[in-house]
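What follows is each chain in one-letter form.
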Amino acid sequence: MQPKSGRRGGSSMLLLVLLATSCLLGSAKPSRGRPRTVRSVLLASDLAGRTEPEECKLSGHKDLHLLSPATACCYGKIVKNTSCCMDQQIAPGVTRKTLQRKGMHWNCTEENCWDTVQGPRGRDSFWLPEGATCSTPRTLYTHGGSWMYGSPDTDSYAQLGSRLAKVTGTVVMLTDYPLVPAGNYSSILQWAIDALQWLSLNGPFEGCDEEHGAKRVPLFVGGDSSGGGTTMSLVLTLAKRPQLLGQKLAGAFFFSPWTNLMCNTPEYYSNAFSKIQGSGKFQDDSKLTMYTGDILFQEVTPENADAFNGNAVDYLGGDFELQTDPIASPFFAQPADFAGSLPPLYFAVGASESILGDSVRVAQHAAQGGCDVILEVYHGMWHVFPMYSEGCGLGEPLWAGAYAINQTGLFVRHIHEQGRLPYKLKVEGPNGGPPESSILAKFWQPSVSKVPFFRYLYDPNVRHFSKVGELLPNRDATYSYKDIMKDLAKQSPWIVLPSLTGAAVTIFVMGFCLGGLTEFGGERTVAVGARVLQVGELGGSSVPLANTVCTTKDLLQFIKAIYVLYILLAI
């Protein structure tokens, strides 16, 4: 009997260990926290009934307050996938047309083009605002993509073109210029000149050239990133050779233009992408992780600048001297290069960009040369952020992106409707004297030089800031096996393999012990239950109670066995 007694004692001890382990595991689970009330970026009211997309669910902690929900959502998604999250919706109330201009076609093949759209190319896309006529002002927009990728209908340029047509009230023309290596600096610039010449003489409808004759409608130009650089080259070319167009441009606007083809502005270092990892965790068990700098270009400074530089040299056809040419690389244009018949300029650029200086220096030199310039720098924003105005799938707008597009509309409409900029600076010397008596005079050409109208913009309507970092799924939702596997897949193999091995061994040992305990408990339950049933069958007989098989102790053992099985099932 001693061995049986020892087995029973060992099983009881094992059960206690298992129960204690279960309690410890239960207490070690991460705190799920309280559900958050989502607050709109643009509205002060709570959107309590609104649910967020899975990718952008916030984690519920209150330890770090940095960015608005839409900005935090974009950070969390773009850091993981730099190709994601651009706008998806076409602006309402606009229509689209396409046109193949005579002689303006090229072929994108595997030998001469790296873009995903292969085959015949060169067809233009037009976005017409509601009520457009032959008298409607026109805009030539040059898309970005490092001069190597993109088209009027890919990479969200259709969405951007439709938005620009709506807010500016102009007919927006996007050209499908030959991409590097099929094209280069000279051919892409000439393509833009030809397109602008055509647009000045032809409208969105047949017969516009005959209807207007010598009368010209206002012409604007715009572009982003590399397309912004080409647009600035176009503006400077027309300033030196105005006979190419026959009329003065009404205005030009730029989103994060790439103007320095030497790729050596200080922001390549000061705005380099950084991941800040703290030693602690938030209350929702998420890591104390933050991101700063340029989230689109995440290489370290030398690699990032070298990649930009190599791209620029390819665009220039291998001509290194053009990297500092004031037309090809407008960053190196001096104030005198902006003198003459240049139009008003509008810049929107993110404060966290690697190429922030490409906008700031050009804007300063243009104003110093006599241009009317508006320069807006948006806090925390990345490269070409207006193309993320929908909020990266969060369901509420990215304020900076939507505001920059609306400011572009204000800039263009004021010029073609009011004949002036929406605002500009007036500079005076001491005591209201002439600007020439100002301390700035040594940087100026008297009666010519100006300063940019500069604004550094924060999101003004945010009432509650949200976490920026690795936006884990909401712990209030069910954390499934699939979620565990996704998190596990992100870890280093040197962490995953030992963890899986240890887990497998632990599961085997626990299974072995639980199996033995279950078998023992089951046998005892069946045996004691049979004895209890036997007592029930003898209850009406004349057998004395003292001679029955079952006793009170047996009943207690039966109850205990049932309780053990219940605990096992609970575990």
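Our subject is the structure listed above.
None of the values given here were measured: they were computed from a predicted structure.

The next subject is the overall build of the chain. Scanning the chain from N- to C-terminus turns up 13 helices and 13 strands. By the burial criterion, 47% of the 571 residues in the chain qualify as buried. In the chain, of all internal contacts separated by at least 6 residues, the share reaching a separation of at least 24 is 78%. Total accessible area on the chain is roughly 28000 Å²; 59% of this is exposed by carbon and sulfur atoms.

Below, the discussion takes up the side chain of Thr230. Considering the arrangement of structural elements, one finds Thr230 in helix α6 (residues 225-240). Owing to a relative accessible area of 1%, Thr230 belongs among the buried residues under this scheme. Discounting residues that sit within four places of it in the chain, Thr230 has contacts with Thr142, Trp147, Ile188, Leu189, Ala192 and Tyr315.

At a minimum axis separation of 8 Å, helix α3 (residues 157-168) and helix α10 (residues 399-418) run at an interaxial angle of 45 degrees. Looking at the two axes, α3 sits oblique to α10. Two packed elements cross with a definite hand, and for α3 against α10 that hand is right-handed. Here α3 contributes Leu160, Arg163, Leu164, Lys166, Val167 and Thr168 to the contact with α10, which in turn contributes Ile405, Asn406, Thr408, Gly409, Val412, Arg413 and His416. The residue inventory of the contact of α3 with α10, partitioned by class, reads five nonpolar, five polar and three charged.

This brings us to the state of the cysteines. Throughout the structure, instances matching the rule amount to four disulfides. Here Cys74 is linked by a disulfide to Cys392, with a sulfur-sulfur distance of 1.9 Å. An S-S torsion of about 105 degrees defines the bridge between Cys74 and Cys392 as right-handed. With Cys74 in helix α2 (residues 69-80) and Cys392 in the loop between β12 (373-378) and α10, this residue pair connects regions lying 318 residues apart in the sequence. For Cys74, a relative accessible area of 0% puts it in the buried group. For Cys392, a relative accessible area of 3% puts it in the buried group. Linked covalently through their sulfurs, Cys84 and Cys85 form a disulfide whose S-S length is 2.0 Å. As the torsion about the S-S bond is roughly -65 degrees, the Cys84-Cys85 disulfide counts as left-handed. Grouping residues by exposure puts Cys84 and Cys85 together as buried.

Right, let's get into the side chain of Thr265. Within the secondary structure, Thr265 sits in the loop between β8 (251-255) and α7 (267-270). Non-local contacts of Thr265, meaning those with residues more than four positions away in its chain, are made with Asn260, Phe331, Ser354, Gly357 and Asp358.

Bringing the packing of aromatic side chains into the picture now. Evaluated as defined, the whole model comprises 20 aromatic pairs. Here the aromatic rings of Phe331 and Phe332 are separated by 5.3 Å at their centres, their planes lie at 80 degrees, and the arrangement is edge-to-face. Owing to a relative accessible area of 9%, Phe331 belongs among the buried residues under this scheme. Chaining the aromatic ring pairs together yields one cluster made of Trp147, Tyr185, Trp258, Tyr268, Phe297, Phe308 and Tyr315.

Where helix α4 (residues 185-201) meets α6, the axes come as close as 10 Å, and the angle between the chain directions of the two elements is 65 degrees. If you check the angle between α4 and α6, you find them roughly perpendicular. Like other packed secondary-structure pairs, α4 and α6 cross with a definite hand, here right-handed. Taking contact as the criterion, the partners of Tyr185, Ile188, Leu189, Ala192, Ile193 and Leu196 in α4 are, on α6, Thr230, Ser233, Leu234, Thr237 and Leu238.

Let us look at a nonpolar patch on the surface. On the surface, Phe454, Tyr456 and Tyr458 cluster together into a nonpolar patch covering about 340 Å² of accessible area. Mapped onto the fold, Tyr458 is located in the loop between β13 (453-457) and α11 (481-489).

Bringing helix α8 (residues 301-315) into the picture now. An ideal rise of 1.5 Å per residue puts 21 Å on 15 residues; α8 measures up with 21 Å between its terminal C-alpha atoms. Buried within α8 we find Asn304, Ala305, Phe308, Asn311, Ala312, Val313 and Tyr315. Buried residues along α8 sit against α4, α6 and α7. Downstream of α8 by a residue or two, Gly317 has a phi angle that is positive, lying close to 70 degrees.

Most of β8 is tucked away, with five of its five residues classed as buried. Side chains of β8 alternate between two faces, with Gly251, Phe253 and Phe255 and Ala252 and Phe254 buried alike. Bridge count between strand β7 (residues 219-224) and β8: five bridges; the pairing is parallel. Each residue of the ladder has a partner; that of Gly222, found in β8, is Phe253. For the crossover from β7 across α6 to β8, the handedness is right-handed. When β8 meets strand β11 (residues 345-350), the two strands line up parallel, connected through four bridges. Bridge pairing links Phe254 to Phe347 in β11.

Which parts of space are left empty comes out when a probe the size of a water molecule is rolled across the atoms. In this structure, the second largest pocket spans a volume of roughly 810 Å³. In terms of lining residues, the second largest pocket is bounded by 30 residues, among which Gly145, Ser146, Tyr149, Phe297 and His383 are the most central. Classifying every residue of the lining of the second largest pocket by side-chain character gives 13 nonpolar, 13 polar and four charged.

In this section: unusual backbone geometry. Following Val180, the chain continues to Pro181 via a peptide bond in cis, the omega torsion being 10 degrees. Relative to the helices and strands, Pro181 is located in the loop between β6 (171-174) and α4. In this structure, Ser156 takes a positive phi of about 65 degrees despite not being glycine. Looking at the element boundaries, Ser156 is found in the loop between β5 (138-142) and α3. With a phi angle near 50 degrees, Ser256 is a residue other than glycine that sits in the positive phi range. Residue position: Ser256 is located in the loop between β8 and α7.

In this section: the nonpolar core. One finds Leu196, Leu234, Trp258, Phe338 and Phe347 to be the most contacted residues of the largest nonpolar core, which totals 66 residues. Broken down by element, this core gets its largest block of residues, nine residues, from α4. Those residues in contact with Leu234 that lie beyond four places of it in its chain are Leu140, Leu189, Ala192, Ile193, Leu196 and Val221.

Let us look at the environment of Pro344. Tracing the backbone shows Pro344 in the loop between α8 and β11. Classification of Pro344 by relative accessible area gives buried; the value is 17%. Along the primary structure Pro344 and Ile415 are separated by 71 residues, whereas in three dimensions their C-alpha atoms are 8.9 Å apart. The contact partners of Pro344, leaving out residues within four places of it in the chain, are Ala250, Gly251, Ala252, Asp372, Phe411, Ile415 and Leu421.

Calculation criteria
Residues numbered from 1 in each chain as written. Predicted model: local features only at pLDDT ≥ 70, side-chain atom pairs only at ≥ 80, totals over all residues. Heavy atoms only, no water. Helix = DSSP H or I, 4+ residues; strand = E, 2+ residues; numbered from the N terminus. Buried < 20%, exposed > 50% of the residue type's maximum accessible area, 1.4 Å probe, protein only. Contact = heavy atoms within 4.5 Å. Areas by Shrake-Rupley, 256 points an atom, 1.4 Å probe, with all protein chains shown as cover. Axes fitted to C-alpha atoms, helices over the stretch in contact; angles between N-to-C directions. Parallel < 35°, antiparallel > 145°, perpendicular 65-115°, else oblique. Left-handed = near helix turned anticlockwise from the far one by under 90°. Nonpolar A, V, L, I, M, F, W, Y, C, P; charged D, E, K, R; others polar. Disulfide = S-S within 2.5 Å. Phe/Tyr/Trp six-rings, centres within 6.5 Å; stacked < 30°, edge-to-face > 60°. Patch = residues over 30% accessible without salt bridge, like charges linked within 9 Å, V, L, I, M, F, W, Y side chains within 5 Å. Salt bridge = Lys/Arg side-chain N within 4 Å of Asp/Glu carboxyl O. Expected span 1.5 Å × (residues − 1). Pairing = 2+ DSSP bridges. Right-handed = clockwise from strand over helix to strand, strands pointing away. 1 Å grid on protein atoms, 1.4 Å probe; cavity = no way out; pocket = protein on both sides within 12 Å on 5 of 7 lines; lining within 4 Å. Points joined across faces, edges and corners; volume = space filled by probe spheres on them. Core = buried A, V, L, I, M, F, W, Y, C linked by side-chain atoms within 4.5 Å.

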